[in-house]
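# Reading the structure
Letter by letter, the chains look like this.
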Amino acid sequence: MNKIEAKKEIQQRIEKLRSEISRLRNAYHVENAPSVTDDVYDSLSRELKSLLKEYPEFNNESSNENRVAGKALDKFVKVNHKTRMLSLNDVFSFEELEEWDKRVKKLLVVSQVNYFCEVKFDGLAVSLIYEDGKFIRGATRGDGNVGEDITENLKMIDSIPLSLKPAKKNSPAFALGDLEQGTHDSLNSSLPVYLEVRGEVLMSKKTLVSLNKKNEKEGKTIFANTRNAAAGSVRQLDPQIAKERNLDFRAYDIAEVVWGEEMKNSLGPRVASLNQTLENSSFLLPNHSDKHKLLKQLGFPVDEHDAICKNLNEVEDFIKKFEKIRPDFKFGTDGIVISVDDLKLQETLGVVGKAPRYMSAFKYPAERATTIVKDVRVNVGRTGVLTPLAIFEPTLVAGSTVSKATLHNIEQIERLDLRIGDTVVIQKAGDVIPEVVEVLVKMRTGKEKKFNMPKVCPACDTKIEKKEGLVASFCPNPKCSAKNERYLDFFVSVFGIYELGPKILRRFKDEGLITDAGDIFTLQKEDIAPLDRFGEKSAENIINEINLKKKISLSKFLWALGILHVGEETARDLAQEFGTLENLISVARQDLASLSEIENIGPAVSNSLHDYFFDTHNIAFIEKLKKNGVTIEKVEKKKAGKFNGMTFVLTGALATMSRELAKEKILAHGGKVSGSVSKNTSYVVAGEEAGSKLTNAQKLGVKVLTEEEFLKML
Ligand code: IVH
């Protein structure tokens, strides 16, 4: 591709991005029916922004990205905002935050700035107007200049005060006026005559769950998140709907406050914006944090998670601390808003475009992002299963950079209709392998290519097989190098031989020291020590660890064999049931029916066991392991434990023992431990800083135990 063609392609991509972003904006802000999550929208916007930075010639002033989102719906009366409702510039990492901090200090020519940190709510921004202490009008943000009058709906929200609480003259709110002693006397009332509050209409996560449950039953809209639900509830012509939806409100800003009649008169009928008011009046609120205090004084609900931070370290600590609370926080949040606390400094910094320079929104890592599929490759797993992988440019998602995502199998590719060259949505949650969840079909240029599964194994050229009833394709070759490599890695990790990482194993294989997992146990110090970059000490460590791990429980041994469908749990069930490997082998080879009768063992597992133990290669491998010194511990037949039939989920940090130990204790009493909460979970044991598992338990009505309660049960 020559330069001109490459540039043309970039221009095309920019245009595609623009139109897709516009479409999503419209779906979100106008139709209240978002088709993707915010992360996806953000990710596309980020790509557009960075392309435009690199190719400013494609900038277009009148393009959507230079405007604040939202458009007043015709069905509501339009309201002009006296003070524009702005947006925030986002930062996605501490590095970006540090850049912002540097810029702020450089512009202000100072070396220290106080920052105010507060929660960034995921709801609907509204402006509330109070005259003489009475709520007279409320509006949505709309496009920032013109919003929609939703007063009647807002009146249905209990936490929005209809009349303000007079702030006592000797109260902290008034103390704010300490700046200019004497001017207090001109105030004949402790209520502002004019007040414009900004805040967020919210729906709690709990309310969303029950609303969706109800709506599902009635075949009505299911809301993707609390923000859409809050927005959808308030942008309705019938206020009854807002009333029924159990909405909430949190105030976070004062756009304008005017104290006393004289003040209002002196400023004329058009009450000036806060900043102008500040210039003209002596009733200065010195800091953003003081606005919060005043809001509380006047009876507004203000979130308590806020802090004045003296430096960026404190800001970062605040962000980290809230991140832990966030999963269990009552409302949906997507970050932290950081403001320069001093309002005069805010004014100095001013607004550029649609966002103030004195505020920044730190966004928590996106769990979803968009990227372009460069290629689809096929990975051969330890059991020979072929897994297609989408390969893309390194992309930041959920705090880490990823460059591939699993596509699971060919059916998934067909379901997604994924083609090479497609723009896709990828998702990563916690430690889970990232996956492709959606193709943005509208981003296609026509050059995308379909992908077909290979007919032969990409590692060993053996013809691929499909097993009946299964979606996956397999490489059947027992000597397949890719399969064996994966299996080796898996084997040593189940055996807990941590000294042997994948790189070392590859090296040993290349040096001819091992051909399969069985050879690991005959390795000698003298084999390893002469190798480049090893030496006596590390050779000794490796050998010591191998010897230490030669003795293994039956359940781990079974798991380590890597039998298809026999994971950690199933291996444990089998070990409990059969007690010895010999018992299991003889039943698996002869009596398929009785295998299927065992609790938790379905036909897929029993067929797989049957196939595995009939294969002479596998029996030879087991014999080799034993011959080379692996000893399998016998299992005591299951005692009638008090936790029989119960499944526990552990979450958070326990004070008196590690989670590993707690797991052992549960297993010893006949119980099971699972990694995720479902309706079949008997108990969730919640330690300190328990996370989403606790929330799930509460959602599903699963009994939650404190550590103390759990200890009593033992
Ligand atoms: S401050 C300058 N504080 O975030 C305008 N905004 O991305 C920002 N938001 O439209 C006002 N929580 O809907 C502020 N504690 C908070 C917020 C917050 C949520 C929303 C608000 C705004 C959007 C900008």
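Quick caveat: nothing in here was measured; it's all calculated off a predicted structure. (Residues numbered from 1 in each chain as written. Predicted model: local features only at pLDDT ≥ 70, side-chain atom pairs only at ≥ 80, totals over all residues. Heavy atoms only, no water.)

### Things to note about the overall build of the protein chain
To keep things clear, this is the line we draw: Helix and strand labels come from DSSP, where a helix needs a run of H or I of at least four residues and a strand needs a run of E of at least two; each type is numbered from the N terminus. Between two residues, a contact is recorded if the distance between any of their heavy atoms is within 4.5 Å. The accessible surface values rely on the Shrake-Rupley method and a 1.4 Å probe; as for residues, cover is taken only from the protein chains in view.
Assigned secondary structure in the protein chain consists of 27 helices and 26 strands. Taking the contacts inside the protein chain whose residues are at least 6 apart along the sequence as the reference set, 68% of them involve residues at least 24 apart. Total accessible area computed for the protein chain in this model is approximately 35,800 Å², and 50% of it derives from carbon and sulfur atoms.

### Things to note about helix 2 (residues 38–54)
Which entries qualify depends on this criterion: By this rule, a helix spans an expected 1.5 Å times one less than how many residues it contains. The rule is simple: take the accessible area with a 1.4 Å probe, protein chains only, and divide by the maximum for that residue type; under 20% is buried, over 50% is exposed, in between is partly exposed.
Taking 1.5 Å as the rise per residue, helix 2 with 17 residues should run 24 Å; its terminal C-alpha atoms sit 24 Å apart, in good agreement. Among the residues of helix 2, those classed as buried are D38, V40, D42, S43, L44, L48, L51 and L52.

### A look at the confidence of the model for the protein chain
So the rule is basically this: Along the chain, pLDDT gives the predictor's confidence residue by residue, from 0 to 100.
Looking at the protein chain, pLDDT values average 85 and 88% of them are 70 or higher. pLDDT under 50 marks residues 170–189. Its contacts with residues more than four places away, or in other chains, come to 34 contacts. For residues 263–283, every residue scores under 50 in pLDDT, and the model assigns this stretch 39 contacts once sequence neighbours within four places are set aside.

### A short note on unusual backbone geometry
You will see that N246, though not glycine, has its phi angle at about 55°, which is positive. By the element assignment, N246 lies in the loop between helix 8 (239–244) and strand 8 (248–259).

### As for the sheet that holds strand 5 (residues 134–140)
Condition: Two strands make a pair as long as DSSP finds a minimum of two bridges between them. In this analysis, axes come from line fits to C-alpha atoms, helices being fitted only over the stretch in contact, and the angle between any two N-to-C directions falls in the range 0 to 180 degrees.
As summarised here, the arrangement of the four strands in space is 5-4-7-8, forming an open sheet in which the pairing is antiparallel. The sheet is open, and its two borders are formed by strand 5 and strand 8, each paired with just one other strand. Between one strand axis and the next, the sheet turns through 25° on average, direction left out of account. As judged from the ten bridges shared by strand 7 (residues 192–202) and strand 8, these two strands associate in the antiparallel manner. Its bridge partner being in strand 8, L202 is matched across the sheet by D248.

### Regarding the pattern of salt bridges
Heads up, the condition is: By definition here, a salt bridge exists when the distance from a side-chain nitrogen of Lys or Arg to a carboxyl oxygen of Asp or Glu is within 4 Å.
Scanning the entire structure with this criterion turns up 37 salt bridges. In this structure, K7 and E57 form a salt bridge, with 2.6 Å as the shortest nitrogen-oxygen distance. Of this pair, K7 sits in helix 1 (residues 3–30) while E57 sits in the loop between helix 2 and strand 1 (78–80), and the two are 50 residues apart along the sequence. Classification of E57 as partly exposed rests on a relative accessible area of 43%. Linking R572 and E569 is a salt bridge whose minimum nitrogen-to-oxygen distance equals 3.4 Å. Highlighted residues: R572 and E569, both in helix 20 (residues 568–578), separated by three residues, approximately one helical turn. R572 sits in the buried class, given a relative accessible area of 17%. Taken together, the shared-partner salt bridges in this structure form one network comprising D42, D90, K120, D334 and K363.

### What to know about the packing of helix 21 (residues 581–590) against helix 23 (residues 603–614)
For clarity, the cut-off: Here the angle decides the label: under 35 degrees means roughly parallel, over 145 means roughly antiparallel, 65 to 115 means roughly perpendicular, and every other value means oblique. Side-chain classes are defined by residue name, with Ala, Val, Leu, Ile, Met, Phe, Trp, Tyr, Cys and Pro counting as nonpolar, Asp, Glu, Lys and Arg as charged, and the others, Gly among them, as polar.
Two numbers describe how helix 21 lies on helix 23: the axes approach to 8 Å, and their chain directions differ by 105°. On the basis of their axis angle, the class for helix 21 and helix 23 is roughly perpendicular. Note on element contacts: helix 23 touches helix 21 through L609, H610, F613 and F614, opposite L584, I585, A588 and R589. Here the contact of helix 21 with helix 23 is built from residues that sort into six nonpolar, one polar and one charged.

### Description of the packing of aromatic side chains
Rule in force here: Pairing of aromatic rings covers Phe, Tyr and the six-membered ring of Trp, with a centre-to-centre limit of 6.5 Å; geometry is then stacked below 30 degrees between planes, edge-to-face above 60, and tilted otherwise. By definition, being over a ring means that NZ of Lys or CZ of Arg is both within 6 Å of the ring centre and within 35 degrees of the ring normal.
Per the counting criterion, the structure on display carries 23 aromatic pairs. With a centroid separation of 6.3 Å and an interplanar angle of 80°, the aromatic rings of F121 and F331 are classed as edge-to-face. Pair noted here: F121 is in strand 3 (residues 115–121) and F331 is in the loop between helix 12 (312–325) and strand 10 (333–340), with a separation of 210 residues, a long-range link. For the pair formed by F121 and F331, the shared burial category is buried. On the numbers, 4.7 Å between centres and 45° between planes, the contact of F643 with F648 is tilted. Of the two residues examined, F643 and F648, each falls in the buried class. Here the aromatic cluster, defined as three or more aromatic residues joined through ring pairs, consists of Y487, F490, F491, F495, F521, W559 and F621. Sitting above the plane of the F490 ring, R382 keeps its charged end 3.5 Å from the centroid.

### Side note on the sheet that holds strand 10
In space, the five strands of this open sheet follow the order 2-13-10-3-9, with mixed pairing throughout. Two strands close off the open sheet at either side, each with one partner strand: strand 2 (90–91) and strand 9 (306–309). Bridge count for strand 3 against strand 10 is seven bridges, and the pairing is antiparallel. Bridge pairing links F116 to S339 in strand 10.

### Digging into a negative patch on the surface
To keep things clear, this is the line we draw: Patch membership requires more than 30% relative accessible area and the absence of a salt bridge. Residues of like charge join within 9 Å; the nonpolar side chains Val, Leu, Ile, Met, Phe, Trp and Tyr join within 5 Å. All tallies of charge rest on Lys and Arg as positive and Asp and Glu as negative; His and the ends of each chain are not included. Every charge is mapped onto a representative atom, which is NZ of Lys, CZ of Arg, CG of Asp or CD of Glu.
Taken together, E95, E96, E98 and E99 make up a surface patch of like negative charges. Within the fold, E99 resides in helix 3 (residues 94–108).

### A word on the site of the ligand
Condition: If even one non-hydrogen atom of a residue comes within 4 Å of a molecule or strand, that residue is called near it. Identification of polar contacts relies on pairs of N or O atoms within 3.5 Å, with a donor-acceptor requirement for protein atoms, meaning one able to donate a hydrogen and the other able to accept it, and with residues adjacent in sequence counted only if both atoms are side-chain atoms.
Around the ligand, a shell composed of 14 residues is seen, among which V119, F121, A125, E200 and Y252 lie nearest. One of the side-chain nitrogen or oxygen atoms of E118 is found 3.1 Å away from a nitrogen atom of the ligand. Between an oxygen atom of the ligand and a side-chain N or O atom of R141, the distance comes to 3.4 Å. Coverage of the ligand by the protein amounts to 89% of the 500 Å² it exposes when considered alone. Within the shell around the ligand, the residues separate by chemical class into nine nonpolar, one polar and four charged.

### Some remarks on the nonpolar core
Selection criterion: Nonpolar cores are built from buried Ala, Val, Leu, Ile, Met, Phe, Trp, Tyr and Cys residues. Side-chain atoms within 4.5 Å join them into one set.
Counting 53 residues, the largest nonpolar core has F491, I520, L609 and F613 as its most contacted members. Sorting the residues of this core by element identifies helix 15 (481–495), helix 16 (502–510), helix 18 (535–548), helix 19 (554–560), helix 20, helix 21, helix 23 and helix 24 (616–627) as the ones contributing at least two each. Within the second largest apolar cluster, 37 residues are counted, among which are L211, F249, V257 and L294.

### A word on the side chain of K549
Turning to its location among the elements, K549 is positioned in the loop between helix 18 and strand 21 (551–553). Only 2.5 Å separates the side chain of K549 from the backbone oxygen of G496, close enough to count as a polar contact. Those residues in contact with K549 that sit more than four places away from it in its chain are F495, G496, I497 and Y498.

### A word on the environment of M646
Looking at where M646 falls in the secondary structure, it is placed in the loop between strand 22 (631–633) and strand 23 (647–651). A sequence separation of 26 residues divides M646 from K672, and the C-alpha atoms of the two residues are 6.2 Å apart. Apart from residues no more than four positions distant in its own chain, M646 is found in contact with G671, K672, S682 and Y683.

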